[in-house]
Amino acid sequence: MDMKAVSAIQRFTDARSSSAIQSYAQARPATEPTPEEPTMVEAVSKVAVDFAQTLAESEETAKASMIGDADPHALVQALAQTELAVEAAVSVRNKVVEAYQEILRMPV
């Protein structure tokens, strides 16, 4: 090949690679998580904190009801919230265990 053809091919490949790099640079921010979106760990920790807080509030209401500071309606409502929270936690746990067992059954 003559030098003109070689330099034309080099310019073409350089332009093509720089175009690919620019396209990647423009597309990359779309794949990065935004700061407002919580990560999976943050979401799970928030759910765990909410669960613990619900249990603690229900326990305080039950204690207050035992000494006569809370009405029976508040106690029933606290018990219902606790029951719902525990049922939700058990359901999530069951799904996690089921998924783990399914992974163990997969052939390698």
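Residues numbered from 1 in each chain as written. Predicted model: local features only at pLDDT ≥ 70, side-chain atom pairs only at ≥ 80, totals over all residues. Heavy atoms only, no water.

## As for the overall build of the protein
Our working definition: Helix numbers and strand numbers start at the N terminus; a helix is a DSSP run of H or I with at least 4 residues, a strand a run of E with at least 2. Burial classes: relative accessible area under 20% of the type maximum marks a residue as buried, over 50% as exposed, and values in between as partly exposed (1.4 Å probe, protein chains only). Calculation of accessible area relied on Shrake-Rupley with a 1.4 Å probe; when residues are assessed, cover is drawn exclusively from the protein chains displayed.
Scanning the protein from terminus to terminus reveals three helices and zero strands. Expressed as a percentage of its 108 residues, the buried residues of the protein come to 5%. As presented, the protein carries roughly 9,500 Å² of accessible surface, and 64% of it is formed by carbon and sulfur atoms.

## Side note on helix α2 (residues 40–66)
Put simply, the rule reads: For a helix, the expected span equals 1.5 Å multiplied by the residue count minus one.
For α2, which comprises 27 residues, the first-to-last C-alpha distance of 39 Å matches the rise-based estimate of 39 Å (1.5 Å per residue) to within 8%. Where α2 ends, the next residue or the one after it, glycine 68, has phi of about 90 degrees, a positive value.

## Side note on the pattern of salt bridges
As a reminder of what qualifies: Salt bridge, as used here, is a side-chain nitrogen of Lys or Arg placed within 4 Å of a carboxyl oxygen of Asp or Glu.
One pass over the structure, following the stated rule, counts four salt bridges. Notably, a salt bridge pairs aspartate 50 with lysine 46, separated by 3.2 Å at the nearest N-O pair. Here aspartate 50 pairs with lysine 46, and both are found in helix α2, just four residues apart, close to one helical turn. By relative accessible area, which is 33% here, aspartate 50 ends up partly exposed. When the shortest N-O distance is used, the salt bridge between glutamate 60 and lysine 63 registers 4.0 Å. Placement of both glutamate 60 and lysine 63 in helix α2 is noted, with a separation of three residues, approximately one turn of the helix. One connected set of salt bridges, linked through shared partners, spans Glu59, Glu60 and Lys63.

## With respect to the confidence of the model for the protein
Detailed reading of the predicted model is not advised wherever pLDDT is low. So the rule is basically this: Confidence of the predictor at the level of single residues is captured by pLDDT, which takes values from 0 to 100.
Per-residue pLDDT for the protein averages 80, and the proportion of residues at 70 or more is 68%. Per-element averaging of pLDDT across the protein places helix α1 (residues 3–31) at the bottom with 61 and helix α3 (residues 72–105) at the top with 92.

## So, the packing of α2 against α3
Under the convention used in this document: Lines fitted to the C-alpha atoms define the axes, with helices restricted to the stretch that makes contact. Angles between their N-to-C directions range from 0 to 180 degrees. Here is the rule for angles: anything less than 35 degrees is roughly parallel, anything more than 145 is roughly antiparallel, 65 through 115 is roughly perpendicular, and the remaining ranges are oblique. When the near helix sits turned anticlockwise from the far one by under a right angle, the crossing is termed left-handed; a clockwise turn instead gives a right-handed crossing. Should any heavy atoms of two residues lie within 4.5 Å, those residues are considered in contact. In the scheme used here, Gly and all other residues not listed as nonpolar or charged are polar, with Ala, Val, Leu, Ile, Met, Phe, Trp, Tyr, Cys and Pro taken as nonpolar and Asp, Glu, Lys and Arg as charged.
Relative to each other, α2 and α3 sit at 150 degrees, their axes nearing to 9 Å. As judged from the angle between their axes, α2 and α3 are roughly antiparallel. When you trace α2 past α3, the crossing you get is left-handed. Facing α2, whose interface residues are Phe51, Thr54, Leu55, Ser58, Thr61, Ala62 and Ser65, α3 presents Ala74, Leu75, Ala78, Gln81, Thr82, Ala85, Val86 and Ala89. Broken down by class, the residue content of the contact of α2 with α3 amounts to nine nonpolar, six polar and no charged.

## Structural notes on the environment of lysine 63
Lysine 63 sits in the partly exposed class, given a relative accessible area of 44%. Sequence spacing of lysine 63 and leucine 75 is twelve residues, and the spatial spacing of their C-alpha atoms is 9.3 Å.

## Points about the side chain of serine 58
Along the chain, serine 58 falls in helix α2. Contacts of serine 58, omitting those with residues within four sequence positions, involve Ala78 and Thr82.

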